[in-house]
Amino acid sequence: MIKVLIIDDEVHVRKLYQEVLSREGYQVTAVGTGGEAFAALNESGYDLVILDIELENDSGLNILKQLKSSYPGLPIILNSAYAVYKADFHSWVADAYVLKSSDFKPLKDKIKELIHA
Amino acid sequence: MADLLKALASEERMTVLRSHFDDLPMGFFVTNCDGYVEYLNDEAAKLIGFESTLEAIGYSLYNVENIINCGLMDAFNSILTGRTFRKEELHCTNRQGHFAILNLYCSPHRGENGEIAGIFGIIQDVTESSKKKAELEEAIYELSIMSQVSEALSSTADLDDVVRIILTGVTANEGLGFNRAFLFLAKENEGYLEGKIAVGPTSPEEAGRIWSRLAGQKITLREMLNDYSQHENDSNSSLTTLIAGWRIPLDSSGAFSEAINLGRGIHVFAGEHTHRETTDILTRLGTESMAVAPIISKGRKLGLIAADNNITGKKISDSVVELLQTFANQTAVAIERSRLYDVQVERARELEEINRQLAESQDQIIRVEKMSVIGELTSSIAHELRNPLTVIGGFANLLVSTGQIDDAAEYLNIILSETHRAETVLHQVLDFSKASRARTRELQFNDLVVETHGLLLSKLRRDQAPPVLQLADENPHIWGNPEQLRHALYQFMLLTVEELTSECTIKMATATENRQVRLIIGFKGREPARAKVVTTLKQIFGNPTGTQKLSILVAGETLKYHGGDYGVEGSQDNLPRLYLELPRYTGGEND
C-alpha cells in the first residue's frame with residue numbers, strides 16, 4: 001500500500017486529509033511538526049509527503065529543504081492556503097504546489113501523477 | 001556815461017575813447033550813422049579781422065555780413081532806429097576767415113540834442129569758454145546717459161532688454177553719438193561670435209528723418225528707448241538682419257578677436273586693419289572705420305559691441321572708444337546678471353517641480369502604505385479563513401460522498417455551495433492582496449491590456465466567444481502598479497464576458513485622449529441581445545450580486561487609486577458601453 005505522510009499543524013486539517021486520502025486507498029500518517037515528520041520517516045519509509053508551509057513553530061520551506069537533502073527521491077507536495085509562496089524560489093524544489101481547498105480533486109490528481117511518475 | 005557822451009561830442013573824444021578803451025580786454029567800437037568806424041580798440045580790430053585799428057577807420061560796418069558773417073544785418077540796422085541788441089554765442093567767421101564765438105552788445109549813441117549819432121558796440125570773444133561749456137554739458141549729458149543706462153540695466157534681467165538699452169545708449173545722439181551699433185554674442189564653447197542685434201538707420205535719408213525729429217531734444221534714455229521702439233523698429237530689424245547669423249571665429253587674427261584678446265576697445269580702420277576677415281566685416285557693414293569693445297566678465301568672453309559713424313563720417317576719437325568700452329563693461333555685468341537670473345529662474349522652476357514631485361511621492365507613499373497595510377490585513381484574514389473553510393467544505397464533501405445522509409443531503413449541499421462561494425471571494429481578495437505588494441512603475445497601456453486580454457482568453461470556457469481586441473496606434477504610458485491594474489482590468493473584462501459573451505459580440509478597444517487613456521468595452525448584437533446588454537449592465541453596475549459587488553469594488557477602487565475611473569456611457573449605436581480610464585503619464589509632468 002502506498003504510504004503518505006502529512007505534515008500540518010492544524011489538527012482538523014490533519015484529520016480531514018487522513019479521512020479523504022484513506023478513502024482513496026492510501027496508508028496515511030499525519031504529524032504536526034518537522035521533528036515528528038523526520039521521526040516518522042526514520043522509522044518507516046514513505047512514498048509521498050504532503051507539506052503545509054505556515055506551521056505554528058516552523059517553516060514548511062525549511063522542512064522542505066531538509067527533506068530534499070535527506071530524501072532526494074521522495075516526492076513532496078506543498079499544500080498551503082497561501083498562493084504567494086509559489087513565487088518563492090525556495091518552494092520550487094517541491095514536486096508540486098497545491099492550494100488548500102475543500103475541493104480535493106486537484107490534490108488527489110497530483111498525488112496520483114507523482115506516485116505513478 | 002554822461003562824461004563819455006560829452007567827450008564824444010567834443011573834439012577830444014578820440015583821446016578820451018582811447019584812454020578808456022584801448023586796453024580793454026574786450027572789443028569796443030564806435031561808428032557814425034553810416035556805419036563807418038570812428039573808433040575801435042585793438043581787441044575789436046582783431047576779432048573783426050582787421051590787421052590794425054588804422055585799417056578799420058573809415059570802414060563801414062554796415063557790411064557786417066562781410067565782416068563777421070553772423071546773420072546780424074537787420075539787427076545792426078535796427079540800432080539806427082533807436083533799438084539796442086544783445087546777442088550771445090554768435091558763431092561767426094571774421095573777414096580773415098577765423099571762426100569765433102562772440103557775444104555782441106550794441107546800442108545807439110546820441111548827439112548833444114539827443115539825435116542818433118552812431119553805434120556803440122562791445123564784442124567779446126567767448127570761443128574758449130563756450131567750447132568748455134559745451135564740453136561740460138556734453139560730459140554731464142554723457143554721465144547722465146551712463147547713469148540712465150546703469151539704472152535701466154539694473155531694472156531688467158531680460159537679455160533682449162539689456163542689449164537694446166546698451167545699443168540705444170551707444171547710438172544716443174548725445175550719449176556716445178554713434179550712428180550705428182552692433183552687438184555680437186560669444187558662443188564660447190563653439191568658438192565664435194554671432195551677430196545678435198543692431199540699432200541705427202540704414203541710410204542717410206532715414207538718418208536725416210530720425211535726427212531731425214530728435215534734434216535739440218535732451219531726452220532721457222527711457223524716452224529714447226520708447227522713441228526707438230515706436231519709430232525705428234523696421235530699420236533696426238533690417239540692420240539686425242544684416243548681421244544675423246554672422247559667425248566670426250574667436251581665434252582668428254581679425255580685429256574682433258584682437259579686441260577680445262586684448263580685453264579692451266580698439267579703433268578699427270580699413271587701411272590699418274588689413275586682415276581679410278576685418279576687411280570683409282567693414283565691407284559688409286559699409287563702413288571704413290569703427291570702434292569695437294569686447295564684453296568680458298571674469299575672463300569669460302561674452303561678446304563684443306561694434307559701432308560706427310558711417311552716415312555722418314564723424315571721426316571716432318580715442319576717448320569715445322574708451323567710453324564704448326565702459327558701455328561694454330556695463331553690458332558684461334548686465335549680461336552676466338541676466339544669465340544668472342535665468343539660471344536662478346530655471347533652478348527655482350526645477351525646485352518647484354521637485355517639490356511638487358516630492359509632495360506627490362509623499363502622497364503616493366502614504367497611499368501605497370495604506371494599500372499595503374490593507375493588502376497585508378486582507379491577506380492574513382483570508383488565509384485564516386481558508387483553513388477552516390477547507391475543513392468545513394472537506395468534511396461536507398466526505399459526508400456527501402458516503403451516500404448515507406439522505407436527510408442531511410440538502411443542507412450539506414448548501415454548506416458546500418456557500419463554502420465554494422466563500423472560497424471564490426477569498427481567491428479574489430488574495431489576488432488583490434498579492435497585487436498590492438507589487439511596485440508602481442511606468443507602464444504601456446496597450447501592453448497591459450494585451451496581457452490582461454491574453455489572460456482572459458486562457459480562462460474562457462469553450463462556449464464563450466473570445467472578445468475582439470482593437471488597439472489604438474499610440475501606445476500611451478501610464479504610471480501604476482502593474483499587478484493591481486491587471487487585476488482591475490481583468491475583473492471588469494471577466495464580469496462582462498461571463499455575463500454577456502453568449503448574448504452578443506464584445507469588442508475591447510484602447511483609445512487615447514488628451515490626458516487620459518481608455519479601455520472601452522463595447523457590445524454588438526441584435527434584439528433581444530441589445531436589451532439583454534442594457535439589462536445586464538444595469539444589474540451589474542446598479543444592483544450587483546455579492547461576488548460582483550466585491551469585484552467591482554476592488555477593481556473600481558484600484559482604478560480610482562491610480563487617478564482613473566470607470567463607468568457606463570452611451571455609444572453611437574445607442575448601446576451602452578463600459579469605459580475604464582487612467583491618466584496618461586508624461587514623464588513626471590502630470591499635474
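Please refer to the structure placed before this passage.
Residue indices follow the written sequence of each chain, beginning from 1 at its first position. Chain letters and ligand numbers both follow the written order, the letters beginning at A and the numbers at 1. Given that the model is predicted, a residue must reach a pLDDT of at least 70 before its local features are reported, and side-chain atom pairs must reach 80 or more before they are shown or counted; all residues, however, enter totals for whole chains, interfaces and linings. Excluded from the side-chain calculations are hydrogens and water; all other atoms, namely the structure's heavy atoms, are used.

## Regarding the overall build of chain A
Line of reasoning, step 1. Helix and strand counts for chain A come out as four helices and five strands.
Line of reasoning, step 2. When the helices and strands of chain A are listed from N to C terminus, the series reads β-α-β-α-β-α-β-β-α.
Line of reasoning, step 3. Residues classed as buried in chain A amount to 50% of the 117 residues present.
Line of reasoning, step 4. The long-range fraction of contacts in chain A, counting pairs at least 24 apart against all pairs at least 6 apart in sequence, stands at 62%.
Line of reasoning, step 5. About 5,700 Å² of surface is accessible on chain A, with carbon and sulfur atoms providing 49% of the total. Secondary structure follows DSSP: runs of H or I at least 4 residues long count as helices, runs of E at least 2 residues long count as strands, and numbering of each begins at the N terminus. Partly exposed describes any residue whose relative accessible area lies between the buried limit of under 20% and the exposed limit of over 50%, with all areas from a 1.4 Å probe on protein chains only and scaled to the type maximum. Note on contacts: a residue pair is in contact if any heavy atoms of the two residues lie within 4.5 Å. Only the protein chains shown count as cover for residues, and the accessible areas themselves come from Shrake-Rupley with a 1.4 Å probe.

## Remarks on the environment of Arg276(B)
Residues and elements named next belong to chain B.
Line of reasoning, step 1. Mapped onto the fold, Arg276 is located in helix H13 (residues 276-285).
Line of reasoning, step 2. Classification of Arg276 as exposed rests on a relative accessible area of 66%.
Line of reasoning, step 3. A C-alpha to C-alpha distance of 9.9 Å links Arg276 and Ala255, two positions 21 residues apart in sequence.

## Focus on the pattern of salt bridges
Line of reasoning, step 1. A carboxyl oxygen of Asp or Glu within 4 Å of a side-chain nitrogen of Lys or Arg is what we treat as a salt bridge. Per the counting criterion, the structure on display carries 23 salt bridges over all chains.
Line of reasoning, step 2. Notably, a salt bridge pairs Glu19(A) with Arg23(A), separated by 3.9 Å at the nearest N-O pair. Within this pair, Glu19(A) and its partner Arg23(A) are both found in helix H1 (residues 11-23), separated by four residues, close to a single helical turn.
Line of reasoning, step 3. Taking the shortest distance from any N to any O, the salt bridge between Asp109(A) and Lys105(A) comes out at 3.0 Å. Here Lys105(A) and Asp109(A) lie together in helix H4 (residues 105-115), a separation of four residues that amounts to about one turn.
Line of reasoning, step 4. One network of salt bridges, in which partners are shared, links Arg518(B), Glu569(B), Arg577(B) and Glu581(B).

## Quick notes on the packing of aromatic side chains
Line of reasoning, step 1. Geometry of aromatic contacts follows a simple scheme: Phe, Tyr and Trp rings, the Trp one being its six-membered ring, pair when their centres are within 6.5 Å, and the pair is stacked under 30 degrees between planes, edge-to-face over 60, tilted otherwise. Tallied over the entire structure, the rule returns twelve aromatic pairs over all chains.
Line of reasoning, step 2. Ring geometry for Tyr82(A) and Tyr85(A): centres 5.7 Å apart, planes at 65°, overall edge-to-face. Each member of the pair, Tyr82(A) as well as Tyr85(A), is classed as buried.
Line of reasoning, step 3. On the numbers, 6.1 Å between centres and 35° between planes, the contact of Phe184(B) with Trp246(B) is tilted. Placement of the pair is Phe184(B) in strand E6 (residues 180-187) and Trp246(B) in the loop between helix H11 (233-243) and strand E8 (247-249), with a sequence separation of 62 residues.
Line of reasoning, step 4. By relative accessible area, Phe184(B) is classed as buried at 0%.

## Quick look at the sheet that holds strand E17 (residues 565-569) of chain B
Residues and elements named next belong to chain B.
Line of reasoning, step 1. Two strands are said to pair when DSSP picks up at least two bridges between them. The five strands are arranged E13-E15-E16-E18-E17 in an open sheet whose pairing can be described as mixed. Of all the strands in the sheet, the pair left with one neighbour each is strand E13 (468-470) and E17. Across the sheet, the mean angle from the axis of one strand to that of its neighbour is 20°, orientation sign disregarded.
Line of reasoning, step 2. Where E17 meets strand E18 (residues 577-583), five bridges bridge the pair, whose relative direction is antiparallel. Axes, fitted as lines to C-alpha atoms, cover a helix only where it is in contact. Angles between the N-to-C directions of the axes lie from 0 to 180 degrees.

## Considerations on the nonpolar core
All names here are of chain B.
Line of reasoning, step 1. Throughout, nonpolar core names a set of buried Ala, Val, Leu, Ile, Met, Phe, Trp, Tyr and Cys residues whose side chains join them through atoms within 4.5 Å. By size, the foremost hydrophobic cluster in this structure holds 34 residues, and its most contacted members are Leu167, Val170, Phe178, Leu183, Ile295, Ile305 and Leu324.
Line of reasoning, step 2. Those elements that provide at least two residues to this core are helix H7 (127-154), helix H8 (159-171), E6, strand E7 (192-199), strand E10 (289-297), strand E11 (300-308) and helix H14 (318-402).
Line of reasoning, step 3. In terms of residue count, H14 provides more of this core than any other element does, seven residues in total.
Line of reasoning, step 4. For Ile305, the residues in contact, after removing those within four places along its chain, are Ile166, Leu167, Phe182, Leu183, Ala291, Val292, Ala293, Ile295, Leu324, Phe327, Ala328 and Thr331.
Line of reasoning, step 5. Within the second largest apolar cluster, 31 residues are counted, among which are Leu460, Ile478, Leu500 and Leu582.

## Section: the interface of chain A and chain B
Line of reasoning, step 1. If you look at the interface, chain A gives 19 residues, while chain B gives 19 residues.
Line of reasoning, step 2. Note: buried area is the sum, over both parts, of the accessible area (probe 1.4 Å) each one loses when the two are combined. For the pair chain A and chain B, the summed buried area comes to about 1,500 Å², and 63% of that belongs to carbon and sulfur atoms.
Line of reasoning, step 3. N or O atoms within 3.5 Å of each other form a polar contact, as long as, within protein, one can give a hydrogen and the other can take it, and as long as residues adjacent in sequence are counted only when both atoms are side-chain atoms. At the boundary of chain A with chain B, the tally comes to six residue pairs in polar contact (both at pLDDT 80 or more).
Line of reasoning, step 4. Here the side of chain A that touches chain B gets eight residues from one element, more than from any other, and that element is H1(A).

## Notes on the pairing of strand E1 (residues 27-32) of chain B
All names here are of chain B.
Line of reasoning, step 1. Here E1 lies mainly inside the structure; six of its six residues are buried.
Line of reasoning, step 2. Side chains of E1 alternate between two faces, with Gly27, Phe29 and Thr31 and Phe28, Val30 and Asn32 buried alike.
Line of reasoning, step 3. In this sheet, strand E5 (residues 116-125) lies alongside E1 in antiparallel orientation, the contact comprising six bridges. Its bridge partner lying in E5, Asn32 is registered against Gly118.
Line of reasoning, step 4. In this sheet, strand E2 (residues 37-40) lies alongside E1 in antiparallel orientation, the contact comprising three bridges. Bridge pairing in E2 links Thr31 to Val37.
Line of reasoning, step 5. What sits between the antiparallel neighbours E1 and E2 is a turn of four residues, in which Gly35 has the positive phi angle 90°.

## Some remarks on helix H12 (residues 255-262) of chain B
Line of reasoning, step 1. The set of residues buried in H12(B) consists of Ala255(B), Phe256(B), Ser257(B), Ala259(B) and Ile260(B).
Line of reasoning, step 2. Remark: Gly263(B) follows H12(B) within two positions and exhibits a positive phi of approximately 80°.

## Quick look at H4(A)
Three- or four-residue spacings in an α-helix give side chains the same orientation, since the helix completes a turn every 3.6 residues.
Residues and elements named next belong to chain A.
Line of reasoning, step 1. Among the residues of H4, Leu107, Ile111 and Leu114 are the ones counted as buried. Seen along its axis, H4 keeps its buried residues to an arc of 75°; they face one direction.
Line of reasoning, step 2. Where H4 is buried, its residues contact H1, strand E3 (48-51), strand E4 (76-80) and strand E5 (96-99). Taken from the helix axis, the directions to the C-beta atoms give the arc we talk about.

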